[in-house]
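For reference, the chains in residue letters:
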Amino acid sequence: MRYRGREVGGEGRVHRVMESTLTARDRVGVQDFVLLENYTSEAAFIENLRRRFGEKLIYTYIGSVLVSVNPYKDLEIYSKAHMERYRGVSFYEISPHIYAVSDNTYRAMRTERRDQCILISGESGAGKTEASKKILQYYATTCPVTDHMSTIRDRLLQSNPVLEAFGNAKTLRNDNSSRFGKYMDVQFDFRGAPIGGHILNYLLEKSRVVHQNHGERNFHIFYQLLEGGEQDQLSKLGLERNAQKYHYLVKGCCPRVSSINDKNDWKTVRKALTVIGFHEEEVEDLLNIIASVLHLGNTQFGEGEDGETQITTEPQLTYLSKLLGVDGAALREALTHKKLTAKGEEMISPLSFEQAVAARDALAKAVYGRAFTWLVAKINQSLAFKDEMYNSSKGSSSVIGLLDIYGFEVFQHNSFEQFCINYCNEKLQQLFIKLTLKSEQEEYEAEGITWEPVKYFDNKIICDLVEEKHKGFISILDEECLRPGEPSDISFLEKLEDTLGGHAHFVTHKLANGKTRKAVGREEFRLIHYAGEVNYTVNGFLDKNTDLLYRNLKEVICQSDNQILSQCFHREEVTTQKRPETAATQFKNSLAKLIEILMSKEPSYVRCIKPNEAKQSGRFDEALVRHQVKYLGLMENLRVRRAGFAYRRRYEAFLQRYKSLCPGTWPNWQGRLADGVATLVQHLGYKPEEYKLGKTKIFIRFPKTLFTTEDALEARRPALALTLQTSWRGYRERAKYHRIRNAVLVIQSAWRGMKSRRKARRRRHAAEIIRKFIKGFIYRHYERCPENEYFLDHQRFSFLMTLVRNPPKSVLDKSWPVPPPSLTEASEHLCRLCMQNMMRAYCRRIQPEWKKQMEQKVVASQIFQDQKDSYPQSVPKLFVASRLDSEEFNLKVIQTLGNDKVKYGVAVTKYDRRGYKARPRQLLLTSSFAVLVAEAKLKQRIDYATLRSISVSSLTDGFMVLHVPSEDNKQKVTG
């Protein structure tokens, strides 16, 4: 067995996790048994297992072999994230795991284009079935897939619940024990995608159909059908939802198991059958067979009036004939009689009660066993890769095989089944040791290391004891089964003693010495296997080997209308005179084919161990584990693996890990790798007998040498860490500075470029504007055209913006910019609107008092504008309220006036005609005349009719003159 680039016990790159935890080996043990210092000690081996199990580390390597201890609980190490963690990683890159074996096998298949296989073995309850499930799930999740390949992937996964339902059962050791051996080929295309599969089954435990030990159950499918089947379906099959009513289901006194949900499992199986591609008619025929087995178990016999055996349960016979699709009368006859041929004549002989029961049980076992074989064949049809055009155009496919096989079994009472199982394990152990030694020798020769022959126990002597022609155990068994007369198990034992009596690995009570004789019963024989001594009870060997079904029963079943049975029982079996092969011979031949298949592939190994019989998590039964370590041949495997060098690693990986321990190789070695490793080991003080240098690898003989080197590296790490931290901080800060500096330069460059581009755009824009302006100015007197439109628009815009920025400040501000010709009319409207708006705003702001002043100013303006020199100066001055109130009028004057009411009165100054003496007077105006009043006297009356005009001074002296005719000498001048 070549290891296909994977690192065995340290070959290539020993995974970093293992090396990083070598200093913690006292607590968690070593992750590869090859690195055990005391590798010959079974106690040290088991102690390492115990430590790792206590730390929930259930996987350990022996070189390339994976040892798995069943934790009996769910561990969070099987998620999709864990699958991705192991995907594409070198075998020893990270901690041991079933995914590491799966991925390494897959990559070896892809890179070397050679078929692979994974051999999973162990006792019932050790976790073999779960291990094969994990491998299939890994491939289903991580391999590339298309729509068609997705269907194949689903069928591969769904084949498990179907095979478990029909081939697994609850035993004392395991609630889901596989009662058959299974080899599955998974076919991959040139891209590594699963495209098909094929299953081979070995040695189904058919005896379980008719008998179970106390505390065990029949195959799961019976209980699933009764618990999960619909009521109409059960009625059609003639079944009741009560397992206690069926003889084949009550012998173990265990119809229900707390850890099994038969109802849910039935739903899973029905769904899986649909996914795999079973037609409803096929499922119906299959369930008819399952129901017929239960009815066969309830078929009872009794003696008739003439003493012949007869069937006493007619309803069962009716259901049997219906479900099996055979004639009821013929079936009755075949169950109670047998057909004999003597001197060419056929005779019908009645069966005794015991013979009838045996015939019934033989029929139940045969029907179920062949139905199981048909089921496997049907699954194979579903998994077969049929696209021949694709296959021929894209290249040949590759295969990974999964062998889920029973481990070495030693019970208190061992029979034919245990003999076959242990014989199978002998053959697999022989293959394993042979391939392991071959692989070791090939690796040594490839590296130029002298191969030293390894002493080991060659179990070929035991295999020959069992399978040798004419003189082997199976030949003797077949000969005894076929000889005329009345052969029996005791006569078979006697013949074994006569033929094999001198063999070192065969002992019976008769042949044993005094001490051994006590341990071997009179009806037992002992075989000394590679894993230890096993006593076998000879009772039942002949019956189980012949597995005889009476010919008349075969004739009836061959005429069945059930399509499955018609394919399982062929008419040639009845007509041929050739005796069928015995069970032992069939198993030997199928095992030879299996070994041939495995020899054509590169194998990997998974050894499963159960830590206790109670299926409790956290409990480690040292005696039970020691028993399994012995029967799995793990110590022999380790001893062979450690016969040479315990540790090997490629130069580049070894130098990369340990170069810091030598100044000559630190920090980098520039020469040949081999010279660098030689310099390193000389500095470390390796003795010549401790190591060898190959062509590409260093070989270290003792684990202690590796541990010393690892401890030195661990002591060196703080200084390395400090150096690395210092270098890292410096590098980080320099990198940060360069990033900032580069960023600043980039920003500066970008900013300068942006400014330059902006400036250039502005200049281009300004030049374009200037050109437009000049051209527009030249064409300013033309009609609007493309040449002057910009200039005209600019004129308008400038005029309007001038108005916006410098509008008239008040109603008295008459300034207004000169508009361009095109805006003359608009300018007039705007001026008018502006003045109106200012006037409105001004008027809204005037107070009532100011309004009166304005009204008076307007009147004054009409009278005095351009009449008085001082008028412009008087305009800003407010009028003084000089009007007399009515209270200031003398009452006597009022009475004198009578009905003429005073409209207006004002105080005036009268100047005498002579001397111009000033005298205060009141000028009262009525509607028809004006009077001058001095205190209470009316001094002068002036009728308006006689008033020629009124004059005021053009100066600022305030004189007012009333002009009257000159004839009126009484009129006087008043100021």
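- Looking up the chain in an unreviewed UniProt entry gives the name Myosin Ic, paralog a, with the organism given as Hucho hucho.
- As recorded by UniProt, the Subcellular location (unreviewed entry) comment attached to the chain reads in full: "Cytoplasm, Cell cortex".

1. Let's talk about the overall build of the chain
Then step 1. For the chain, the count of helices and strands is 36 helices and 25 strands.
Then step 2. Whereas a compact globule of 975 residues would reach a radius of gyration of roughly 30 Å, the chain reaches 60 Å, over 25% beyond that.
Then step 3. Long-range pairs, those at least 24 residues apart, make up 64% of the contacts in the chain with a sequence separation of at least 6.
Then step 4. Carbon and sulfur atoms make up 52% of the accessible area of the chain, which amounts to about 50200 Å² in all.
Then step 5. The averaged location of the 118 negative side-chain charges in the chain is 16 Å from the averaged location of its 148 positive side-chain charges.

2. Details of the sheet that holds strand β15 (residues 532–537)
To summarise the sheet geometry, strands pair through backbone hydrogen bonds and adopt either a parallel or an antiparallel arrangement.
Then step 1. In spatial order, the strands read β13-β14-β15; together these three strands make up an open sheet with antiparallel pairing. At either margin of the open sheet sits one strand with a lone partner, and together these are β13 (506–508) and β15. Neighbour to neighbour, the strand axes of the sheet diverge by 25° on average, direction disregarded.
Then step 2. Two elements, β13 and strand β14 (residues 524–529), share three bridges in a ladder whose sense is antiparallel. Note that in β14 the partner of T508 across the bridge is F525.
Then step 3. The strands touched by helix α20 (residues 489–500) within the sheet are β13 and β14, with β13 carrying the most contacts at an inclination of about 135°.

3. Quick look at the pairing of strand β22 (residues 929–934)
Then step 1. Taken across its six residues, β22 has six buried, putting it largely inside the fold.
Then step 2. Residues of β22 alternate between two faces, with F929, V931 and V933 on one and A930, L932 and A934 on the opposite face, all of them buried.
Then step 3. Bridge count between strand β21 (residues 918–925) and β22: four bridges; the pairing is antiparallel. The partner of L923 across the bridge, within β22, is L932.
Then step 4. Here β21 hands over to β22 after three residues, the two strands then running antiparallel side by side.
Then step 5. Relative to strand β23 (residues 937–943), β22 is paired through six bridges, and the arrangement is antiparallel. In the sheet register, V933 faces β23, and the bridge partner there is L938.

4. A short note on the sheet that holds strand β12 (residues 398–406)
Then step 1. A sheet is described by the order of its strands in space; here seven strands give the open sequence β1-β2-β16-β3-β12-β6-β7, paired in mixed fashion. The open sheet has two edge strands with one neighbour each: β1 (59–62) and β7 (194–202). Averaged over all pairs of adjacent strands, the angle between their axes in this sheet comes to 20°, without regard to strand direction.
Then step 2. Note: β1 against strand β2 (residues 65–69), four bridges, orientation antiparallel. The residue bridging Y59 from the neighbouring strand is S68, located in β2.
Then step 3. In the packing of helix α5 (residues 98–112) onto the sheet, the strands contacted are β1, β2, β3 (116–122), β6 (181–188), β12 and β16 (602–609), and the crossing angle to β3 comes to about 155°.

5. Some thoughts on helix α31 (residues 703–778)
Then step 1. With 76 residues, α31 extends 104 Å from end C-alpha to end C-alpha; this agrees with the ideal 112 Å at 1.5 Å per step.
Then step 2. At R717, α31 is bent by approximately 40°, the largest bend along its length, and proline P718 sits one to four residues beyond.
Then step 3. The set of residues buried in α31 consists of P703, T705, L706, F707, T709, E710, L713, L720, A735, G753 and G776.

6. So, the pattern of salt bridges
Then step 1. Under the criterion given, the structure shown has 38 salt bridges.
Then step 2. With its nearest N and O atoms 3.3 Å apart, the salt bridge here joins R217 to D262. With a gap of 45 residues between them, R217 in the loop between β7 and α8 (220–228) and D262 in helix α11 (residues 262–276) connect regions that are remote in the sequence.
Then step 3. For R217, a relative accessible area of 0% puts it in the buried group.
Then step 4. Classification of D262 by relative accessible area gives buried; the value is 8%.
Then step 5. A salt bridge links D793 to R796; its shortest N-O distance comes to 3.1 Å. Here the residue D793 and the residue R796 both occupy positions in helix α32 (residues 789–805), the gap between them amounting to three residues, near one helical turn.
Then step 6. Take D793: its relative accessible area is 35%, and that puts it in the partly exposed class.
Then step 7. By sharing partners, the salt bridges in this structure join R179, E205, R208 and E216 into a single network.

Thresholds applied
Each chain carries its own residue numbering, running from 1 in the written order of its sequence. With the structure being a predicted model, the display of local features is reserved for residues of pLDDT at least 70 and the display and counting of side-chain atom pairs for 80 or more, all residues being used for whole-chain, interface and lining totals. Side-chain descriptors were evaluated using all non-hydrogen atoms of the structure, hydrogens and water having been removed beforehand. UniProt positions are given in the numbering used here, feature names are shortened, and annotations may be inferred rather than shown by experiment. Put simply, DSSP H or I for four residues or longer makes a helix, DSSP E for two residues or longer makes a strand, and each gets a number counted from the N terminus. In this treatment the radius of gyration is a C-alpha quantity, and the globule benchmark scales as 2.2 Å times the residue count to the 0.38 power. Any two residues whose heavy atoms approach within 4.5 Å are treated as being in contact. What sets the accessible areas is the Shrake-Rupley method with a 1.4 Å probe; for residues, cover comes only from the shown protein chains. Note on charges: Lys and Arg go in the positive column, Asp and Glu in the negative column, and His and the chain ends are not counted at all. Charge positions are represented by NZ for Lys, CZ for Arg, CG for Asp and CD for Glu. Note: two strands are recorded as paired if DSSP finds a minimum of 2 bridges between them. Lines fitted to C-alpha atoms define the axes here, with helix axes fitted over just the stretch in contact, and angles between the N-to-C directions of these axes take values from 0 to 180 degrees. Burial status follows relative accessibility: with a 1.4 Å probe on protein chains alone, a residue under 20% of its type maximum counts as buried, one over 50% as exposed, and anything between as partly exposed. Expected span of a helix: the number of residues minus one, times 1.5 Å. We define the bend at any residue as the angle between the axes fitted to the seven residues before and including it, ending there, and the seven starting there. We define a salt bridge as a side-chain nitrogen of Lys or Arg found within 4 Å of a carboxyl oxygen belonging to Asp or Glu.

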